[in-house]
Amino acid sequence: MSYEQSVADPTVGQWLEKPIREVDGRRYRRYVIRTHLIRPGEKLEKTLLPYLQDLLQPGDMLVLGEKAVAIAEGRAVPLKQVHPRPLARWLSRHVRSLGYGLGLKRPETMEMAFREVGVPRMMVAAALGAVDRVIGRSGDFYRIAGRKVASIDGPGPTTIAPYNQYIVLAPRQADRLVDTLARKFRCTVAVVDVNDMGSEVLAVSSPSEGRVIRQLLMDNPMGQGGQGTPLAVLRPLPENRNHAPWAVPVGLHPAGAVWPFPGGADAPVEWAEDLSE
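Analysis parameters
- Residues numbered from 1 in each chain as written.
- Predicted model: local features only at pLDDT ≥ 70, side-chain atom pairs only at ≥ 80, totals over all residues.
- Heavy atoms only, no water.
- Buried < 20%, exposed > 50% of the residue type's maximum accessible area, 1.4 Å probe, protein only.
- Helix = DSSP H or I, 4+ residues; strand = E, 2+ residues; numbered from the N terminus.
- Pairing = 2+ DSSP bridges.
- Contact = heavy atoms within 4.5 Å.
- Phe/Tyr/Trp six-rings, centres within 6.5 Å; stacked < 30°, edge-to-face > 60°.
- pLDDT = per-residue confidence, 0-100.
- Salt bridge = Lys/Arg side-chain N within 4 Å of Asp/Glu carboxyl O.
- Patch = residues over 30% accessible without salt bridge, like charges linked within 9 Å, V, L, I, M, F, W, Y side chains within 5 Å.
- Areas by Shrake-Rupley, 256 points an atom, 1.4 Å probe, with all protein chains shown as cover.

Focus on the pairing of strand β3 (residues 61-65)
Counting buried positions over the five residues of β3 gives five, a clear majority of the element. On β3, burial covers both faces: Met61, Val63 and Gly65 on one face and Leu62 and Leu64 on the other are all buried. The pairing of β3 with strand β6 (residues 188-195) spans five bridges and is parallel. Bridge pairing links Leu64 to Val191 in β6. Relative to strand β8 (residues 231-236), β3 runs antiparallel, the two being bridged by four bridges. Paired with Val63 across the strands is Ala232, a residue of β8.

See below:
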């Protein structure tokens, strides 16, 4: 999909509601927002404004996917420009599959990990990862390699073009961005790394909200493939109301409900099929 095609897409700007989720006894509505195709060099505080202006409510938490933030920073590297060293090719052959995408099993992605944190650190991480396999434990590889490596996104079969031909590195200025957006929208803002294996908060303007945001995104409502929803709004439900539990009408796909201008429980609801198809 080109930038021009994404802008012309009639679904761009829609807020798609995902199932209500509860954390610490508080229930939250969760909206994911279709956007245009983010491009390198974008000023997200300006280009994301039309999707959010006058629609956020007091108490809302705004979430941005780290991949969109990194692309806007210019941290997307064309795959054809990455030439893996022999050590990267060798080590990539020994990476354990995580069940989604190739990750560091792709030599080019491993090469970018070497460039991000250095060969010595990667080799120590790999050695501890090998020990983990023997003793039946996991997690030490990324604990040593660090968040920069864990956040590297290699291209996959469901990645939106043209980024299916790019490796996207971790954003460098996520902390600065969340602070800027928090001042602009007067709400908590976070940059997250979310996939089907879990969620991590990379930066958040209100640190006390980080754990709640991570828990609310554990089921990956923003998607991982071609959904085109790098924005999410987490909205707490009033504590003094008894809201009916989430239910999907018979015969409809449980993708969610669309409010072109979200108005909450009393707004008319148009049920939509999964936009990723």
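Quick notes on the side chain of Asp132
For Asp132, the location among the structural elements is in helix α7 (residues 119-135). If near-sequence neighbours (up to four positions away) are discounted, Asp132 is found in contact with Arg137, Ser138, Gly139, Asp140 and Phe141.

Things to note about the packing of aromatic side chains
If you walk through the whole model with that rule in mind, you get three aromatic pairs. Here the aromatic rings of Phe141 and Tyr142 are separated by 5.0 Å at their centres, their planes lie at 90°, and the arrangement is edge-to-face.

Quick notes on the confidence of the model for the protein
Model confidence for the protein is summarised by a mean pLDDT of 84, while 80% of its residues fall at 70 or above. Note on residues 243-259: pLDDT is under 50 here. Beyond four places in sequence and across chains, it has 49 contacts. Low pLDDT, under 50, characterises residues 261-277; the predicted model gives this stretch 33 contacts beyond four residues in sequence or across chains.

Overview of the environment of Val77
Looking at the secondary structure, you find Val77 in strand β4 (residues 76-78). What makes Val77 buried here is its relative accessible area of 18%. For the pair formed by Val77 and Leu169, sequence separation is 92 residues and the distance between their alpha carbons is 7.8 Å. If near-sequence neighbours (up to four positions away) are discounted, Val77 is found in contact with Val82, Met112, Gln165, Tyr166, Ile167 and Leu169.

Regarding the pattern of salt bridges
Tallied over the entire structure, the rule returns 12 salt bridges. A salt bridge links Asp193 to Arg147, with the shortest nitrogen-to-oxygen separation between them at 3.1 Å. With Asp193 in strand β6 and Arg147 in helix α9 (residues 147-150), the pair connects residues that are 46 residues apart, well separated along the chain. Take Arg147: its relative accessible area is 37%, and that puts it in the partly exposed class. Residues participating in the shared-partner salt-bridge network are Asp132, Arg137, Asp140 and Arg143.

Some details on a nonpolar patch on the surface
Together, Val131, Val134 and Ile135 give the surface a local cluster of nonpolar side chains, amounting to about 300 Å² of exposed area. Within the fold, Ile135 resides in helix α7. Residue Ile135 is classed as exposed on the basis of its relative accessible area of 53%.

With respect to unusual backbone geometry
Between Ala161 and Pro162 the backbone carries a cis peptide bond, its omega angle lying at 5°. With respect to the element layout, Pro162 can be found in the loop between α9 and β5 (166-168). Here the phi dihedral of Asp24 falls at roughly 55°; this positive angle occurs in a residue that is not glycine. Structurally, Asp24 is set in the loop between β1 (15-23) and β2 (26-33). Positive phi values are uncommon outside glycine, yet Arg186 reaches one of about 55°. Among the structural elements, Arg186 can be located in the loop between α10 (174-185) and β6.

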